[in-house]
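# Examining the three-dimensional arrangement
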Amino acid sequence: MHAPVHDWFAPCAPGLEPALAQELAAIDAGDIQPSPGGVAFKGKLDVGYVANLWLRTANRILLRVAAFGARRPEDLFRHAAQLPWELLLAGDVPLRFEVKTFESWLKRDDLIEETLRSAIRKRLSEQHLAATVADLAPGGDEDELQRVMVRIERDRVTLSLDASGAHLHRRGYRQATAKAPLRENLAAGALLLAGYDGTMPLFDPMCGSGTFAIEGALIARKLPPGLNRRFLFERWPSFRPATWEFIKRKALEASLPEPPFPICARDENGGALRASLANAERAGVQDSLTLSQADFFKEAAPGEAPGVIAINPPYGVRIGDEASTLVLYRRMGMKLKQAYAGWRYVILAPSNDLTDALGLPVRSRVLIPHGGLKITLVLGEIPQA
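Residues numbered from 1 in each chain as written. Predicted model: local features only at pLDDT ≥ 70, side-chain atom pairs only at ≥ 80, totals over all residues. Heavy atoms only, no water.

### As for the packing of helix 3 (residues 73-81) against helix 5 (residues 109-126)
Note the cut-off: Throughout, an axis means a line fitted to C-alpha atoms (over the contacting stretch in the case of helices), and angles, computed between N-to-C directions, take values from 0 to 180 degrees. Strands here are runs of E lasting at least two residues and helices are runs of H or I lasting at least four, both read from the DSSP assignment and numbered beginning at the N terminus. Crossings are sorted by hand: turned counterclockwise from the far helix by less than a right angle, the near helix makes the crossing left-handed, and turned clockwise it makes it right-handed. By definition in these notes, contact holds between two residues if any of their heavy atoms fall within 4.5 Å. Note that Gly is not counted as nonpolar here; it falls among the polar residues with everything else outside the nonpolar set of Ala, Val, Leu, Ile, Met, Phe, Trp, Tyr, Cys and Pro and the charged set of Asp, Glu, Lys and Arg.
The interhelical angle for the contact between helix 3 and helix 5, taken along N-to-C directions, is 35 degrees, at an axis separation of 8 Å. As for how helix 3 packs across helix 5, the hand of that crossing is right-handed. Here helix 3 contributes Pro73, Leu76, Phe77, Ala80 and Ala81 to the contact with helix 5, which in turn contributes Leu111, Ile112, Thr115, Leu116, Ser118, Ala119, Lys122 and Arg123. Within the contact of helix 3 with helix 5, the residues separate by chemical class into nine nonpolar, two polar and two charged.

Here's what the structure looks like:
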């Protein structure tokens, strides 16, 4: 498992593929191939460790186990039974099969799953290992199971193992939340798409639970987002604890004690600020942020040097009807033009009409999933007065 170069895939929210590809290049992954919904790459097993530790925008990391043709259950069984499952699966970890089929003779998810379970049992029995391939027990933790991803497209089977476990946006710090919290990997992706790398100020004037500011602090201090959580690959038979500890130690040694430029977060709601502070403390970056209670429309920009302003404004039921939301975005655009000339901006909006209401020049619009909706991430630079 450690000597070969493996095929990997990192799924992400649509629109974040360019940022994810740049992240993979930064960790020296090989043969980086973006595609809709994720990025394929190559690397040895420790590259998978590093990807889980460092990737800010990915949903999870998948190890490609095999790809082969199969039109009948017998074909699927034969190929799957030849794979080295004894090197891939921990005997005490229940399996969950996630099957997707497209234009193939093999269509029934239940038949595909049972065929694969039987093939894995056969292989493990031949290796004189426990052949129990159980599902998750009632009341068990979904994050503790081993996902086996099965994709069959035009009779071509691709089998992958989830190396992450819990979704990668779950860094472990966000327990206190405000309304409509932004997922951590989406916040990080928005900042990276805006060109934020810590070498300029960052400001979130409607910070809510502080996700933009905390993710910005992790970026600015070069801290890996996965440092304080566990991953499923730690339970694989091939796992090397010494290698993993070395990777984490090197990451910490290369980190910065504080951000090179200020990171400021404000909110007019005191409860939101308390949530931001609690989350920042759990992330270990509370001393890297300046938090204050203030109304965005009444306060000046923090500091003199322009930087990146990142905003997840209230919308929908939080502020009233569509007309009220439109007025909010128009006011926000006017305030940005008056007080933030020269700043880069990244703003979330539930529709393109609202991004137009900002009245700002737009560099790009990215449609991303958020809270069960599709919202627009709009990016650009506020013109000089």
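### Side note on the sheet that holds strand 1 (residues 6-11)
The condition is simple: Here a strand pair is declared whenever DSSP counts at least two bridges between the two strands.
The strand order across the open sheet formed by seven strands is 2-3-1-4-7-6-5, and the pairing between neighbours is mixed. Strands with a single pairing partner mark the edges of an open sheet, and in this sheet they are strand 2 (30-35) and strand 5 (95-102). Averaged over all adjacent pairs, the angle separating strand axes in this sheet is 25 degrees, with direction ignored. As paired strands, strand 1 and strand 3 (residues 38-43) are joined by six bridges and run antiparallel to one another. Residue Asp7 lies in a different strand from strand 3, and its bridge partner there is Lys42. The sheet contacts of helix 2 (residues 45-54) involve strand 1 and strand 3, and relative to strand 3 the element is tilted by about 140 degrees.

### As for the sheet that holds strand 8 (residues 202-204)
A sheet is described by the order of its strands in space; here seven strands give the open sequence 10-9-8-11-12-14-13, paired in mixed fashion. Both edges of this open sheet fall to strand 10 (290-293) and strand 13 (364-370), since each of them pairs with a single strand only. Between one strand and the next, the sheet's axes are offset by a mean angle of 20 degrees, whatever the strand orientation. With four bridges joining them, strand 11 (residues 308-311) and strand 12 (residues 344-349) adopt parallel strand pairing. In the strand pairing of strand 12, Ala310 is matched with Val346. Sitting on the sheet, helix 6 (residues 184-193) touches strand 8, strand 11, strand 12, strand 13 and strand 14 (373-381), and the angle it makes with strand 14 is about 25 degrees. Across the sheet, helix 7 (residues 211-220) lies against strand 8, strand 9 (263-267), strand 11 and strand 12, angled at about 175 degrees from strand 9, the strand it touches most.

### Description of the side chain of Ser288
The criterion, for reference: Exposure is judged per residue with a 1.4 Å probe applied to protein chains only, and the accessible area is read against the type maximum: over 50% gives exposed, under 20% gives buried, and values in between give partly exposed.
Considering the arrangement of structural elements, one finds Ser288 in the loop between helix 9 (270-283) and strand 10. Ser288 gets classed as buried once you look at its relative accessible area, which sits at 9%. For Ser288, the residues in contact, after removing those within four places along its chain, are Ala217, Arg221, Pro259 and Ile263.

### Quick word on the layout of surface pockets
Using the following cut-off: A cavity here means a set of 1 Å grid points, computed over protein atoms only, where a 1.4 Å probe fits but cannot escape. A pocket is an open set with protein on both sides within 12 Å along at least 5 of 7 lines, and lining residues have an atom within 4 Å of a point. Grid points are joined across faces, edges and corners, and a volume is the space filled by probe spheres set on the points.
Reported here for the second largest pocket is a volume of approximately 450 Å³. Lining the second largest pocket are 15 residues, and of these Glu23, Ala26, Ile27, Trp54 and Arg56 sit closest to its centre. Every element with two or more residues in the lining of the second largest pocket is listed here: helix 1 (17-26) and helix 2.

### Observations regarding helix 9
Where we set the bar: What a helix should span is 1.5 Å times the count of its residues minus one.
The end-to-end C-alpha distance of helix 9 is 20 Å, a good match for the 20 Å that 14 residues give at a rise of 1.5 Å each. Three or more residues of helix 9 are buried, namely Gly270, Ala272, Leu273, Ala275, Ser276, Asn279, Ala280 and Ala283. Those residues of helix 9 that are buried lie in contact with helix 7, strand 9 and strand 10. Just downstream of helix 9, Gly284 is the residue with a positive phi angle, here 75 degrees.

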